[in-house]
Amino acid sequence: MSFFGQMKTGGLSVAVCLSAAMCGGPLGAQELSGLARVDGEGSVVEDVRRRTELTLFLSQVVPYRVFTLDAPRRLVVDFREVDFRGLDAGAFDQSDHVSEVRFGALRPGWSRMVVDLSAPLAVEFAGMQVDDVDGTALVEIVMRPTSETAYAAAAGAPQDPEWAFLLADPEPAPGVEEGPVVVMIDPGHGGLDPGAEHGGTQEADIMLATALELAAALERVEGVRPALTRSADVFVPLQERLTLARRAGADLFISLHADALEGEQASGASVYTLTSQAASAASLRMAERHEAGDLLAGVDLSGQGDEVALILQDLARVETAASGDRFADQMVQAMADVGAPLNTRPRRMAPLAVLNAADFASVLIEVGFLSNAEDRARLSTAEGRAPIVAAAALAIQRWAAEEAALAPLVRQ
């Protein structure tokens, strides 16, 4: 096991792990796997003799910091970034000196745990142990009782220039011009293709309204530029939608739909990505049926055989498919965070033609089911659609931060 720990005594109680190397783990596959996940089994804050010990098991190394605040008294642990879904606050809190534990997203790319203290406790030790075999990490924080005066003197947010550097926006790579994240929003159906219909409600109309609301929300997000495959009730062929995305230089393609099934049992939103099997079949159909020059933005495949086109698409899709999966995961989490109604299986994969582009990340969001009375009523008003719009905007910000962090590693 490797180990990292740092404490400043006689003043502000702060422990900081600023990088994988400082945390004791090499930069490698573990850090490319997405968010660190908390393992609820074994994670606990409890009283041991005259100490209060916080133990948190993580699936991988992440930078973190620890400090205390006063009025009210609380321990704060920040991470970049942690998925807390595996942790139950009630089961986690086993200490008589802790009144409540809260955790969740702090800002895009960052997570926070707040431990409310019912008595003044001083951080005596904070550190991380890293398993050299599987890359899992164990965060340990030890606190001891102290006086009100000593606690107040030590409490406060850290003023650490290295941590401020971590919070800053990532620098663009040398020779790479940084631009806005372009999100192509694709309201399904339209014009002569109304899509699903139920109770006098047409899918095409609901999706257009949702798309316009999402585009308006993203206009207010710095560093994001939205675009639409249609802004009116018109029919746009499938391949034209993908071509519009390429012309716009899309980084992310979001297709919006709302199905209607027999009966009303299906409800809630779900997010689809393309299956690997469908990706292969889609590449073959694209190579056979469409002009080679329109398959990959910025890559002229004219005069190349199908085999070359397929290879180039497959190489491009290795990166874009993984990116699409990361956004889909962020979207499901964001919907849960804002309270948007979710389907019982919110994360799905299917051979959907609208997702077969190789040169940008693509997802299809099923915002609900028009065949369900509650979904239909909810999706028919701007207020009812607001949670989906808010979740998508939040997921896009989180995803953009995650992609920016991964970009240097991908280029290597």
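As the structure is a prediction and not an experimental result, all values here were calculated from the model. (Residues numbered from 1 in each chain as written. Predicted model: local features only at pLDDT ≥ 70, side-chain atom pairs only at ≥ 80, totals over all residues. Heavy atoms only, no water.)

With that out of the way, let us pick up the overall build of the chain. In terms of helices and strands, the chain carries 10 helices and 20 strands. When contacts within the chain are restricted to residue pairs at least 6 apart in sequence, long-range pairs at least 24 apart make up 73% of them. Looking at the chain as shown, the accessible area adds up to about 18,800 Å², and 53% of this sits on carbon and sulfur atoms. (Helix = DSSP H or I, 4+ residues; strand = E, 2+ residues; numbered from the N terminus. Contact = heavy atoms within 4.5 Å. Areas by Shrake-Rupley, 256 points an atom, 1.4 Å probe, with all protein chains shown as cover.)

Turning our eyes to something else, we now look at the layout of surface pockets. Taken as a whole, the second largest pocket encloses approximately 240 Å³ of empty space. Forming the boundary of the second largest pocket are 16 residues, of which H189, L238, S255, H257 and V354 lie nearest the centre. If you list the elements that add at least two residues to the lining of the second largest pocket, you get α6 (238–247), β17 (252–259) and β20 (361–369). The class makeup of the residues in the lining of the second largest pocket is eight nonpolar, four polar and four charged. (1 Å grid on protein atoms, 1.4 Å probe; cavity = no way out; pocket = protein on both sides within 12 Å on 5 of 7 lines; lining within 4 Å. Points joined across faces, edges and corners; volume = space filled by probe spheres on them. Nonpolar A, V, L, I, M, F, W, Y, C, P; charged D, E, K, R; others polar.)

Turning next to the pattern of salt bridges. Summed over all chains, the structure comprises 15 salt bridges. In this structure, D329 and R347 form a salt bridge, with 2.9 Å as the shortest nitrogen-oxygen distance. Of this pair, D329 sits in helix α8 (residues 306–338) while R347 sits in strand β19 (residues 342–350), placing them 18 residues apart in sequence. Overall, R347 belongs to the partly exposed group, its relative accessible area being 26%. (Salt bridge = Lys/Arg side-chain N within 4 Å of Asp/Glu carboxyl O. Buried < 20%, exposed > 50% of the residue type's maximum accessible area, 1.4 Å probe, protein only.)

A word on the nonpolar core. The tendency in soluble globular proteins is for nonpolar side chains to be buried as a group. Core analysis: the biggest nonpolar cluster contains 41 residues, and V183, L218, I254, F327 and M331 have the highest contact counts within it. Breaking this core down by element, the ones donating at least two residues are β13 (181–187), α5 (203–219), β17, β18 (269–274), α8, β20 and α10 (382–411). Ranked by residue count, the leading element in this core is α10, at nine residues. (Core = buried A, V, L, I, M, F, W, Y, C linked by side-chain atoms within 4.5 Å.)

On to the confidence of the model for the chain, then. For the chain, the average pLDDT comes to 77, and 73% of its residues sit at 70 or higher. With pLDDT under 50 throughout, residues 1–16 is counted as low confidence; its partners more than four residues away or in other chains account for 59 contacts. Low pLDDT, under 50, characterises residues 278–316; the stretch is placed with 47 contacts to residues that sit more than four places away or in other chains. (pLDDT = per-residue confidence, 0-100.)

In space, the six strands of this open sheet follow the order β16-β13-β17-β20-β18-β19, with mixed pairing throughout. What marks the edges here is a single partner per strand, and that holds for β16 (224–228) and β19. Going from strand to strand, the sheet's axes swing by 20 degrees on average, the running direction of each strand aside. Looking at chain direction, β17 and β20 are connected through seven bridges and run parallel. Paired with F253 across the strands is S362, a residue of β20. Strands in contact with α5 are β13, β16, β17 and β20; relative to β13, the strand with the most contacts, it is inclined by about 165 degrees. Set on the sheet, α6 makes contact with β13 and β17; between it and β13 the angle comes to about 165 degrees. (Pairing = 2+ DSSP bridges. Axes fitted to C-alpha atoms, helices over the stretch in contact; angles between N-to-C directions.)

Among the six residues of strand β5 (residues 64–69), six are classified as buried, and the element is accordingly described as predominantly covered. Burial along β5 is two-sided: Y64, V66 and T68 and R65, F67 and L69, pointing in opposite directions, are all buried. Summarising the sheet, β5 and strand β6 (residues 74–79) pair through six bridges and their orientation is antiparallel. Pairing of F67 across the sheet is with V76, part of β6. Counted along the chain from β5 to the antiparallel partner β6, the turn is four residues long, and its residue A71 has a positive phi close to 55 degrees.

It is worth spelling out the packing of aromatic side chains at this point. Inspection of every chain in the model, using the stated rule, returns four aromatic pairs. Between F79 and F84 the ring centres are 6.2 Å apart and the planes differ by 70 degrees, which places this aromatic pair in the edge-to-face class. Assigned by exposure class, F79 and F84 land together as buried. Cluster of aromatic residues (ring-pair linked, three or more members): F79, F84 and F103. (Phe/Tyr/Trp six-rings, centres within 6.5 Å; stacked < 30°, edge-to-face > 60°.)

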